[in-house]
Amino acid sequence: MADSNQGASPIANLETQKHLLQSDVLYQYILETSVYPREPECLKEIRELTANHPRARIAIPSHEGQFLMLILKLTNAKKTIEIGVFTGYSLLCTALALPPDGKVIGIDINRESYDLGRPIIEKAGIAHKIDFREGPALPILDELIQNEEMLESFDFAFVDADKVNGLNYYERLLRLVKIGGLICIDNTLWSGTVAEPPNATMDEHTRNNREYIIELNEALAADKRIEINQLPIGDGLTLCRRIS
Ligand code: SAH
């Protein structure tokens, strides 16, 4: 730890000693103690089904799902939107956390993965809260913005799709989410690569997306229209609360 802090200010050194997640064993402890025992059966089913998918890694981890559910309930969110559904783990978390008359619009360019999880969502009896829209998210968001009733009407948005459009999604969501509403953006630490030096070894996909994510993180940090917090949960989750 100390080595990686060389050159940092004494205050930064003090701050970097205050985070706790230093091992996989500690993360496993969290999962086994407070996540898995409380995970609804339908979420466990989607998680297990997704584990067999060749792209299983792109689903949010259960710990993050549990956090999203809590935050949806704490904020009394009723009308929400999700960009990037995959097999539906985070979508099901959202639908479960919403009140009976709550709604989530789920957008994904690919319906095939969603169709894998859909029978589990239907069995859970909450499919009526979900409005799934297939297609690239940007034109779908632009269409929503054309409808005046949709402007500033959402309580909550979750972004977990292509990284190249991160800022584009954010700008559109700022128009769709109410003042006081929350935009949560996933993968903002990108496996820790955002803090690596530019010459670090990484594959092209990781490097390209890293550039987009760094740009997004800097834009969010400078944006006076929101309050933010960067959470080191999952692959990094940035909470943006719209204030103007
Ligand atoms: N939130 C999901 C994981 C999403 S993975 C979960 O918890 O399981 C990212 C998803 O974004 C993929 O399903 C992919 O099809 C979708 N995606 C990628 N580019 C997109 C685009 N331009 N518009 C909409 N969805 C897109």
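Every value quoted in this text rests on a predicted model; they were computed, and no experiment measured them.

A. The pairing of strand E7 (residues 237–242), seen in detail. Most of E7 is tucked away: five of the six residues are buried. Summarising the sheet, strand E5 (residues 177–186) and E7 pair through five bridges and their orientation is antiparallel. Of the residues in E7, the one forming a bridge with Ile 185 is Thr 238. Here strand E6 (residues 226–231) runs beside E7; their pairing, made up of six bridges, is antiparallel. Note that in E7 the partner of Gln 230 across the bridge is Thr 238. The hairpin formed by E6 and E7 contains five residues between the paired strands, and Gly 234 there has a positive phi angle of roughly 55 degrees.

B. Structural view of the site of the ligand. With respect to spatial proximity, 18 residues lie near the ligand, and among them Gly 84, Ser 90, Asp 108, Ala 137 and Asp 160 are the closest. One of the side-chain nitrogen or oxygen atoms of Asp 108 is found 2.6 Å away from an oxygen atom of the ligand. With respect to the ligand, the side chain of Asp 162 contributes an N or O atom lying 3.3 Å from a nitrogen atom. Contact with the protein chains covers 89% of the free accessible surface of the ligand, which is 580 Å². In terms of residue class, the shell around the ligand is made up of eleven nonpolar, four polar and three charged.

C. Representation of unusual backbone geometry within the structure. Even without being glycine, Asn 76 reaches a positive phi, approximately 55 degrees. Locating Asn 76 in the fold gives a position in the loop between helix H4 (62–74) and strand E1 (79–83). Judged by relative accessible area, Asn 76 falls into the exposed class, the value being 63%. Although it is not a glycine, Glu 152 adopts a positive phi angle of roughly 50 degrees. Relative to the helices and strands, Glu 152 is located in the loop between helix H7 (137–146) and strand E4 (154–159).

D. Expanded view of the packing of helix H8 (residues 166–176) against helix H9 (residues 204–222). Closest axis-to-axis distance for the H8/H9 pair is 9 Å, and the angle between their directions is 30 degrees. Judged by the angle between their axes, H8 and H9 are roughly parallel. Contacts between H8 and H9 involve Gly 166, Leu 167 and Tyr 170 from the first element and Glu 215, Leu 216, Ala 219 and Leu 220 from the second. Partitioning the contact of H8 with H9 into residue classes produces five nonpolar, one polar and one charged.

E. Local environment of the side chain of Thr 193. Assignment of secondary structure puts Thr 193 in the loop between E5 and H9. Residue class for Thr 193 comes out buried when judged on its relative accessible area of 6%. When sequence neighbours within four positions are dropped, the list of residues in contact with Thr 193 reads Met 202, Thr 206 and Arg 210.

F. Molecular detail of helix H6 (residues 111–123). Here H6 is 13 residues long and its end C-alpha atoms lie 18 Å apart, about the 18 Å a rise of 1.5 Å per residue gives. Among the residues making up H6, those that are buried are Ser 113, Tyr 114, Gly 117, Ile 120 and Ile 121. Regarding H6, its N-cap is Asn 110, as a side-chain oxygen of that residue lies 2.7 Å from the backbone nitrogen of Glu 112 further along. Remark: Gly 125 follows H6 within two positions and exhibits a positive phi of approximately 75 degrees.

G. Molecular detail of the nonpolar core. If you look at the biggest cluster of nonpolar residues, it comprises 32 residues, and the most contacted ones within it are Ile 130, Phe 156, Cys 184 and Leu 237. Listing elements by their share of this core, those giving two or more residues are helix H3 (41–51), H4, helix H5 (89–97), H6, strand E3 (130–134), E4, E5 and E7. Here the element with the most residues in this core is H5; it accounts for six residues. If near-sequence neighbours (up to four positions away) are discounted, Phe 156 is found in contact with Leu 68, Ile 71, Leu 72, Ala 77, Lys 79, Thr 80, Ile 81, Leu 182 and Cys 184. Grouped together as the second largest cluster of nonpolar side chains are 26 residues, Ile 105, Ala 137, Leu 144 and Leu 220 included.

Each value, and the rule that gives it
Residues numbered from 1 in each chain as written. Predicted model: local features only at pLDDT ≥ 70, side-chain atom pairs only at ≥ 80, totals over all residues. Heavy atoms only, no water. Buried < 20%, exposed > 50% of the residue type's maximum accessible area, 1.4 Å probe, protein only. Helix = DSSP H or I, 4+ residues; strand = E, 2+ residues; numbered from the N terminus. Pairing = 2+ DSSP bridges. Near = heavy atom within 4 Å. Polar contact = N/O pair within 3.5 Å; in protein donor to acceptor, adjacent residues only side chain to side chain. Areas by Shrake-Rupley, 256 points an atom, 1.4 Å probe, with all protein chains shown as cover. Nonpolar A, V, L, I, M, F, W, Y, C, P; charged D, E, K, R; others polar. Axes fitted to C-alpha atoms, helices over the stretch in contact; angles between N-to-C directions. Parallel < 35°, antiparallel > 145°, perpendicular 65-115°, else oblique. Contact = heavy atoms within 4.5 Å. Expected span 1.5 Å × (residues − 1). Core = buried A, V, L, I, M, F, W, Y, C linked by side-chain atoms within 4.5 Å.

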